[in-house]
Each structure stands twice: as C-alpha cells, then as structure tokens.
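Report on the structure
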Amino acid sequence: MYFTLAISAATRYRCAALVSAAQDTDTRVMPVPGPVRVAWRAPDERTAVLYWGSDGSSGPAETPAAPDRDRAGASHAGTIWISPARAVLRARTGLARVDPVYLAETPGAVVVSDRACWAAAVTGRLGDHDPVMAGAFLSLGYPTGAATPFRGVRALAGDHGLRVTAGRAVIARPGGRHAGTGDAGVAAALVAAVRPLAEQTVPVELSLTGGKDSRLIAAALTAAEVPFRARTHGFASHPDVIIARMIAERLGLEHTVTEPRAAAPAQAPDRAEVLGRLRSAVLVSDGMLSAFENIGSWVGPDHETAVGPVQTGGHGGELLRGGYAQTAWRSPASRRPASAARAWSSAAAAELFRRLTTRRLGLLRPDAAAAYLASLAPWAAAIGAGPLRALDDFYLVNRAGRWSAAARQAYLIRAPLVQPLFSDQVIQTARAVPLQQRMNDQLHRDVLASLGPELLELPLAEHPWQGQRRVLAGVRP
C-alpha cells in the first residue's frame, strides 16, 4: 500500500520547494511508514510525483491502466497519473468515489493526492481545520460536499476528471458513459467487474454472510469462473454462519468459519486508551471518520504490507437497492391508496435526512453549525423536490463517496481489497433502472436469478426481500 502526491507548478523552483515539503512531512501524520521518494519528475522540473510507502504489488488494481498513463507516476488505485507525451498531470474519480482524489491549490502550484492530510501538510494547512468537518464526528461520519478536515483541501467530486498543466487545474465531467439495460446489463457489468480476479496469482477470499450482497458476489465469481474460497466470522449458531454454509455447500466452495474471541470483562476505558483510539481513527481514516467507527487501528512504524488473499465482499450492495431511499420507502398497502404511501415515504425521507445530518447539531458552536447547515442546503432543497431520489443520490455521494472511501483506505492498509459493487459500470447500469425496481429488491433478485438461481431460494439471515416475511424460522433468535 502506498500513497501518492503529485505537484504541478508554474516554475521549477516552486515545484522543488513543494517536493522538499513533501519529503519533510512529519511521519506521524501518515498511517503507514515511508519511505517517501520521487517516483517521477518532468524534464522541465515543473511537475513531480512522490510516493509514500511501499509501491510493491499488494493486490489487483481495480482501475485498469490507460494507454496514456505512465505507470511510474500512477497512484495505487490508478486515480492519479501522468500523461507522458506532454507531462500533464491527470486525475479521475469513479462514480462512487471510493478511491478519493484531493486537490489543494496554492500560489503558483496545484497539489493532488489520494491522502488529504499529506496534501494539507505540503501546502501548510495541516493546522487549519475546517469547522464543517465537525459534523463528521457527530453524525455518523457524514460531512457533505467536498469538505475535508483542512481548509483549502477539497475532494474531487465523483465521476470527474482533472487536468493540471504548469500549476493550473481544469476540472470537467467526462462524457461517453453508456449504461446497459435492466437486470441483464447489471449482471453483465458485475461479471465483468470480477473477471480480472481470475488472472491473479494470489487466492481470492470472499467474506460470505447470509445476506443479499455477498451471495450476489459469490454468484458473479462463479459465473466468471474465478477460483475463490469463502470465509465467515461468527459463532456456529449465528444465522450468518448457518446460511453461509448453505451457500458454500450449494456452490461447492471451501468455507472457513472463524469464531470471535471471548469478550473481556467490561470496564471503563482509561484516558490513554480513549486518546489512542482517537489518534488511530484520525490516522487510518484521514480524519474523515469519528472514533466511534470500527475501522481498525494504526499499523505502526514497523508495518510491512503482506501480500495475502485478495479480499472481496458485498460492500456497496445498497446501491442496487436505492441506498437510503429503500429505508424511507413504503410500498402501497392493499387497502391503502398509492398517494398515502407516497406521502408517508416523503415524510420518512425528510426525517431520515434530519437524523443523518443534524440530529446532534446542538453540540456544534454557532459558527460551525451555520457553516455546516449551509453545506447541507443543496441536499435539503433536493429532499423537498424529490425525497426518495435525493436519498438515493445522498447515499452515493456521502455514504459511498465519504464513509466507504475513508473506510476503504483503512482496510487497504492491511490487505488487498476488491469491491465489485462499487464498479463504475455496475453503479451506472443499476442507476439506469427505475428507482422503485431497486427499492423493492426486484433488480437485486433478478440479477441473482440470472447469475446464481440456485442461491435465490436460500433463506436470508437478516432482512428478508421486500414484501416477504423471514423464511428461515427459528434461525434468528
């Protein structure tokens, strides 16, 4: 695992100063040890790319290299690269933005990185905190828009491209995307997303539960003829373990079950433990998530990334079901008119948005609260105009693009990770399906019926399909 920072400056002297600042970054602000080194430098010395950490292969790249990309200057996820013909710095985010790109403009130069704190440190903004981000620590990790913990460092929006020449940045939304049609298009996109895993020399391990999403990935891996094994964490009596075993037996998979450790006696954490957890959370999540999130701890200065099994799972499956829209939506009851269901859904959507964003607003100081509310204004207007569609979009931009992105970087520090349901083509094709077909689980079920019909009839451990009761009686206490 390594992090990338690219510099484009108007003069070679300005570029050299920023390169020096990058090399002198305090190691305590980065979640993996160095070294930090210059990976590429333009002949005119006005553009440079630096790496922090080991750039050895730690698993498959989910963004294939394009013909115009110089691999010597490419980031771990392929989101930042150099066009070698003209020494142009480029960056690109996916629809879900789970591999983020951060942009900091400073006099005479532009800094681009996949780590916000590194961009802040190089441009002298590490101590200039953005109060809008305080909302991230109070409301389940949801800042909004492009905010990062640092003023002057912003996230590039999802599905956007960046071109930087001589310290001048141009941001655009590339065109040319074409979605497939219906469940067949989603199924084909999902198989295409996992097929490259068949070429890996390291094994593929699926985190398998008794839910809807990991079994969909199991079906896609099977359809793509990718060799893989399954692992489930839990006690033998838990529904996830019971149903995961059913799925593994149906597909003929090697299946390993790991049991949780015995819980230690409950005791109040001491001050050092709390501060340590806070520091770890800030480090591994780039300051984007609160210490309430269970995303692992700082790896320490002696950490070396081991090349183990490629991890995959059903992360992002809610995108196929309308994200937060499904939580607020209610189908019309048989004895109730559709208009009543729509009114109920609209009210539920507004309340859900409030709980996600402003439930603890009173804990913020007035200036920070005002700034945070201002950042929410476009979303509040969208909720009023079309509540369910807005919640679907809010999930994509803020749950996937902010929470999942920060968590993903934390996971990647420890193991190679591939998340097929965040693939651009999967998301684009799914969002082309009418929202109601996603909210009522019809799309999800149709795709599963196409890729693995033998898994559709197996019970679910947690939430049943929309409109159905739980079918595994007695499994869940």
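The structure this text deals with has already been given above.
Residues numbered from 1 in each chain as written. Predicted model: local features only at pLDDT ≥ 70, side-chain atom pairs only at ≥ 80, totals over all residues. Heavy atoms only, no water.

Turning to the layout of surface pockets, a few remarks are in order. As a volume, the largest pocket reaches approximately 1200 Å³. Mapped onto the lining of the largest pocket, the elements with two or more residues apiece are α4 (213–223), α7 (324–328) and α10 (387–412). Examining the composition of the lining of the largest pocket, we find that seven residues originate from one element, α10, more than from any other. Each residue belonging to the lining of the largest pocket can be placed in one class, and the counts come to nine nonpolar, 20 polar and nine charged. (1 Å grid on protein atoms, 1.4 Å probe; cavity = no way out; pocket = protein on both sides within 12 Å on 5 of 7 lines; lining within 4 Å. Points joined across faces, edges and corners; volume = space filled by probe spheres on them. Helix = DSSP H or I, 4+ residues; strand = E, 2+ residues; numbered from the N terminus. Nonpolar A, V, L, I, M, F, W, Y, C, P; charged D, E, K, R; others polar.)

Turning our eyes to something else, we now look at empty space enclosed by the protein. Per the stated rule, a full pass over the model turns up three cavities of 30 Å³ or more. When its volume is computed, the second largest cavity comes out at roughly 70 Å³. Contributing to the lining of the second largest cavity are Met1, Tyr2, Phe3, His76, Ala77, Asp99, Pro100, Asp114, Gln409 and Leu412. Listing elements by their share of the lining of the second largest cavity, those giving two or more residues are β1 (2–9) and α10. Residues of the lining of the second largest cavity, tallied by class, amount to six nonpolar, two polar and two charged.

This brings us to the sheet that holds strand β4 (residues 80–83). In spatial order, the strands read β4-β5-β9-β10; together these four strands make up an open sheet with antiparallel pairing. For this open sheet the edge positions go to β4 and β10 (168–172), each flanked by a neighbour on one side alone. The mean inter-strand angle of the sheet, taken between neighbouring strand axes irrespective of direction, is 25°. Here strand β9 (residues 161–165) pairs with β10 via five bridges, running antiparallel. Of the residues in β10, the one forming a bridge with Gly161 is Ala172. (Pairing = 2+ DSSP bridges. Axes fitted to C-alpha atoms, helices over the stretch in contact; angles between N-to-C directions.)

Tracing the chain through its elements places Val186 in helix α3 (residues 182–194). Along the sequence, Val186 and Asp446 sit 260 residues apart, while their C-alpha atoms lie 9.6 Å from each other. Residue contacts for Val186: discarding those within four places in its chain leaves Leu320, Thr429, Ala430, Leu443 and Val447. (Contact = heavy atoms within 4.5 Å.)

Now for the nonpolar core. As a rule of thumb, soluble globular proteins bury nonpolar side chains together. Among the nonpolar cores identified, the biggest contains 74 residues, and Leu5, Ile7, Val111, Trp118, Val153 and Leu391 are the most heavily contacted of them. Of the residues forming this core, the biggest block, 12 residues, is contributed by α10. Ile243, Ala244, Val447 and Leu448 belong to the second-largest nonpolar core, a separate cluster that totals 43 residues. (Core = buried A, V, L, I, M, F, W, Y, C linked by side-chain atoms within 4.5 Å. Buried < 20%, exposed > 50% of the residue type's maximum accessible area, 1.4 Å probe, protein only.)

Across the sheet, which stays open at both edges, the six strands sit in the order β2-β3-β1-β7-β6-β8 with antiparallel pairing between neighbours. Of all the strands in the sheet, the pair left with one neighbour each is β2 (36–41) and β8 (153–155). The mean angle between the axes of side-by-side strands here comes to 25°, regardless of whether they run parallel or antiparallel. In this sheet, strand β7 (residues 109–113) lies alongside β1 in antiparallel orientation, the contact comprising five bridges. Across the sheet, the residue bridging to Ser8 is Val110, located in β7.

With that settled, the discussion passes to the pairing of β9. Pairing between strand β5 (residues 88–92) and β9: four bridges, direction antiparallel. Within β9, the residue paired with Leu89 across the bridge is Val164.

Before going further, it helps to spend a moment on unusual backbone geometry. Across the junction of Gly34 and Pro35, the peptide omega takes the value 15°, indicating a cis bond. Examined against the element boundaries, Pro35 turns out to sit in the loop between α1 (12–23) and β2. Residue Arg97 is not a glycine yet carries a positive backbone phi of 55°. A positive phi angle, close to 70°, is found at Asp441, a residue other than glycine.

With that settled, consider the side chain of Lys212. Of note, Lys212 is situated in the loop between β11 (204–207) and α4. Accessibility expressed as a relative area gives 9% for Lys212, which makes it buried. A distance of 2.9 Å separates polar atoms of two side chains, one belonging to Lys212 and the other to Asp441. (Polar contact = N/O pair within 3.5 Å; in protein donor to acceptor, adjacent residues only side chain to side chain.)

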